[in-house]
Amino acid sequence: MVRCVDQIGVIVVDQSSKTAGVVARVRGMVHDGTLHEGDPMPSTRALAAELGVARGTVVAAYEQLDGEGWIRTRHGAVARVVASAGAFGMASVGDRGGAVVGDLPPASDPGATAMAAAAARVIDCRPGIPAVTAISQRDWRAAWRAAADAPLRNAVADPLGTSDLRAQVAAQLGLSRGFAPALDRVLLAAGTSEALSLVTEALRMHLGRAPVFAVEDPGYRTGQRAVRSAGGTVVGIPLDDDGMDLDALSAAGPVDVVLVTPTHQYPLGSVMPVVRRQRLLAWAAATGTLVVEDDYDSEFRHRGSPVPALAALDAEGVVLHVGGFSKTLDPRLRCSYVVLPAAVPAEQSAGAVAGIAEAVLATRRARGAVVAEPVQVALAHLLRTGALRRHLGRVRRDYTHRRARIAARLDGVAGLEARALNGGLHAVVVWPGPATGQEVAARMAGSGVLVSTLEEYGMTPGSTPAGIVLGYGAVTVPELDRALDALIGAVRDG
Ligand SMILES: Cc1ncc(COP(=O)(O)O)c(C=O)c1O
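Bear in mind the structure is a predicted one, so any value in this text is a computation, not a measurement.

Draft legend 1. Representation of helix H15 (residues 437-446). Within H15 the residues assigned to the buried category are Gly437, Val440, Ala441 and Met444. Projected down its long axis, H15 shows its buried positions confined to an angular sector of 100 degrees, all on one face. The outward face of H15, more than 90 degrees from its buried face, is lined by the exposed residues Ala442 and Gly446. Considering only its buried residues, H15 is in contact with strand S14 (449-450), strand S15 (452-453), strand S16 (467-471) and helix H16 (477-493).

Structure, rendered in C-alpha cells:
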C-alpha cells in the first residue's frame, strides 16, 4: 500500500494537472501490471497527504478512474483496482515484490499495449446487462443478511408480494417517476416478460378471446414473445422520431392494448413528448384501450431532466405501468412490479380497460407468488436503507461517462451515427450501408466483441436501418474503447 502511494507520487509531482497526473499514472500502472485487479488503493486522505495536494484533487482523480472502470470506489470501503493487465491476458511486467520508488517501468503507451493485449478476450456489449458488480458489497451483504434474519413463518406467500416491498416500490415511484400509487395497486411479477404474460392471460379470460396488442416496430421482441405465448396477438406499429406513430396506430384497426416504452423507446431511444403522451391517453380513454408502459430503464437519463412516467399523466385510469430491478440492480433477481391503473367509475371505462385491475389481481392470485420471499426482503432492505439510491447515483455517473465516451469517439467518424444516447445503458449506431448489421456484428465478433444487430428488433423487413445495438452497462471503459474501435473497423471494411 505504501509502495503504491510512493509510486503514484513520483509521477504526480511532475504533472501540470495533478488530478490528470494521478489518473494517467494509475491507468499506466494497471496496464503495465504494477497494479492488479483487487489491489487496494490508498485512501484519498493518505494519498493527498503524501502528495501534498488537496484531498479534493485525489477524490476527483478517483472519481474519474472509477467512471472509466479502472478502480471501484465505494462509500466507507477501500477503493480497489478492478481492471488489470492480467484480465487483458497480459503478462505482468511490474516486479510487485521488489519495485521501489524510482525504478518504475514507463507508463507512456497504455493504449497500444491494452489494444494488443485485449485481443484475446471476448467483450460482451449485447444490451441488457447493467453494471451488476458496482453495488456496494457492504450494502449487498446487509440486504441478504436481512433476508436470512427474517423470521421463518409457517405461511403461504402472498401472491401480490410482501406489503413491505410493495410499499417501498410505491414510495420510490413517488420520488423518481412522478406518481405514488396506493399499495393495493402494486403487485410483483417475475420480470417484465412474466408481467406481460400475466396481463395477457388476464385479458384473455376477461375478454373471452385473444387480446390484440399494438407494439412498437422496432421493439422489444422478448416482450412480444411473452404476449404471444400467453395467447395474445401482436400488431407492429411504425415509429417516428417521437415514438409510436399514433396515426398509424389508429389506422391499424381495433386493438385491446398498446405496449410502449415512452421514456426511452427500445431500442431506438426516442422520448415520447408530452403532447403525444396526452394524445395517446385521450385516444386510449375514448377507445377503451389499455396502455401498458414498459418503464425498463428510465432511471438513467444522461441529458435533460428526468422524464416522468406516462402513468404520472394518467387521469383516465388507462395506464398499467411495469418497472423492475433488471436494469437498476440485476436481471437475475427476476423481480419486477406492475402498477394497476387507478380506479375510475365503471361507467367511464370501456373495452379492455373496464375491470382490468380486478382481472389482473385475480390472475396473479391464480398463478401464485413468483418472486422468492428472501429476494423481496433483500430488495426492500436495499430500498429502505437508501442503498439502491446510492447505487443508482454511482452507476448513473459511470453510464454518463461511458455515453460521453461513445459520443466523442464516434463524433465525426464518416458515415456513423450514434443514437439513443439520451438515456439508458445502450447506444444504437447506424450507417448508410452497404454493410448490414449482421455483417458488421459478425466482423466485430471476429475481433472478440459481441453486439446485437438493429435488424433483430424489427418485425417487418426494412423497419430499421442497418445498425447495431451496443450495451455499455457491463463493460469497462478500456473494453468499450476496444468495442468502438472494432465497430469503426467493421463498418469501414464493408
Ligand atoms: C424493453 C425492455 N423491457 C424490459 C426489460 C427487462 O426485462 P426483465 O424484467 O424481464 O428482465 C428489458 C431488458 O433488457 C428491456 O429491454
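Draft legend 2. Examining unusual backbone geometry more closely. Of the consecutive residues Asp217 and Pro218, the connecting peptide bond is found in the cis state with omega at 5 degrees. Within the element layout of this structure, Pro218 appears in the loop between strand S5 (212-217) and helix H9 (221-229). Residue Pro267 is bonded to the preceding Tyr266 through a cis peptide linkage, with omega at 10 degrees. Tracing the backbone shows Pro267 in the loop between strand S8 (257-260) and helix H11 (274-287). A positive phi is found at Arg334, a non-glycine position, where the angle reads about 50 degrees.

Draft legend 3. The arrangement of the packing of helix H6 (residues 137-149) against helix H13 (residues 373-384) in detail. As a packed pair, H6 and H13 sit with axes 8 Å apart at the nearest point and diverge in direction by 135 degrees. Judged on the interaxial angle alone, H13 and H6 are oblique. Handedness of the crossing formed by H6 with H13: right-handed. Residues Asp139, Trp140, Ala142, Ala143, Trp144, Ala146 and Ala147 of H6 pack against Pro374, Val375, Val377, Ala378, His381 and Leu382 of H13. Across the contact of H6 with H13, the residue classes break down as eleven nonpolar, one polar and one charged.

Draft legend 4. Up close: the site of the ligand. In the neighbourhood of the ligand, the contacting residues comprise Gly191, Thr192, Ser193, Tyr220, Tyr266, Asp294, Tyr296, Ser326, Lys327 and Arg334. Here an oxygen atom of the ligand and a side-chain polar atom of Thr192 are 2.8 Å apart. When isolated, the ligand has an accessible area of 400 Å², and the protein chains bury 91% of it. Taken together, the residues of the shell around the ligand sort by class into three nonpolar, four polar and three charged.

Draft legend 5. Focus on the pattern of salt bridges. Tallying each qualifying case throughout the model produces 17 salt bridges. Residue Glu373 is joined to Arg153 by a salt bridge in which the shortest nitrogen-to-oxygen separation is 2.7 Å. Within this pair, whereas Glu373 is found in helix H13, its partner Arg153 is found in the loop between H6 and helix H7 (163-176), the two being separated by 220 residues in sequence. Using a relative accessible area of 24% as the deciding quantity, one classes Glu373 as partly exposed.

Draft legend 6. Representation of helix H8 (residues 192-207) within the structure. Over its 16 residues, H8 extends 22 Å from the first C-alpha to the last, a length consistent with the 22 Å expected when each residue adds 1.5 Å. Inspection of H8 places Thr192, Glu194, Ala195, Leu196, Ser197, Leu198, Val199, Thr200, Glu201, Ala202 and Leu203 among the buried residues, and these make up the whole buried set. Looking one or two places after H8, you find Gly208, whose phi comes out positive at around 75 degrees.

What counts, and at which threshold
Residues numbered from 1 in each chain as written. Predicted model: local features only at pLDDT ≥ 70, side-chain atom pairs only at ≥ 80, totals over all residues. Heavy atoms only, no water. Buried < 20%, exposed > 50% of the residue type's maximum accessible area, 1.4 Å probe, protein only. Helix = DSSP H or I, 4+ residues; strand = E, 2+ residues; numbered from the N terminus. Arc of directions from axis to C-beta. Contact = heavy atoms within 4.5 Å. Axes fitted to C-alpha atoms, helices over the stretch in contact; angles between N-to-C directions. Parallel < 35°, antiparallel > 145°, perpendicular 65-115°, else oblique. Left-handed = near helix turned anticlockwise from the far one by under 90°. Nonpolar A, V, L, I, M, F, W, Y, C, P; charged D, E, K, R; others polar. Near = heavy atom within 4 Å. Polar contact = N/O pair within 3.5 Å; in protein donor to acceptor, adjacent residues only side chain to side chain. Areas by Shrake-Rupley, 256 points an atom, 1.4 Å probe, with all protein chains shown as cover. Salt bridge = Lys/Arg side-chain N within 4 Å of Asp/Glu carboxyl O. Expected span 1.5 Å × (residues − 1).

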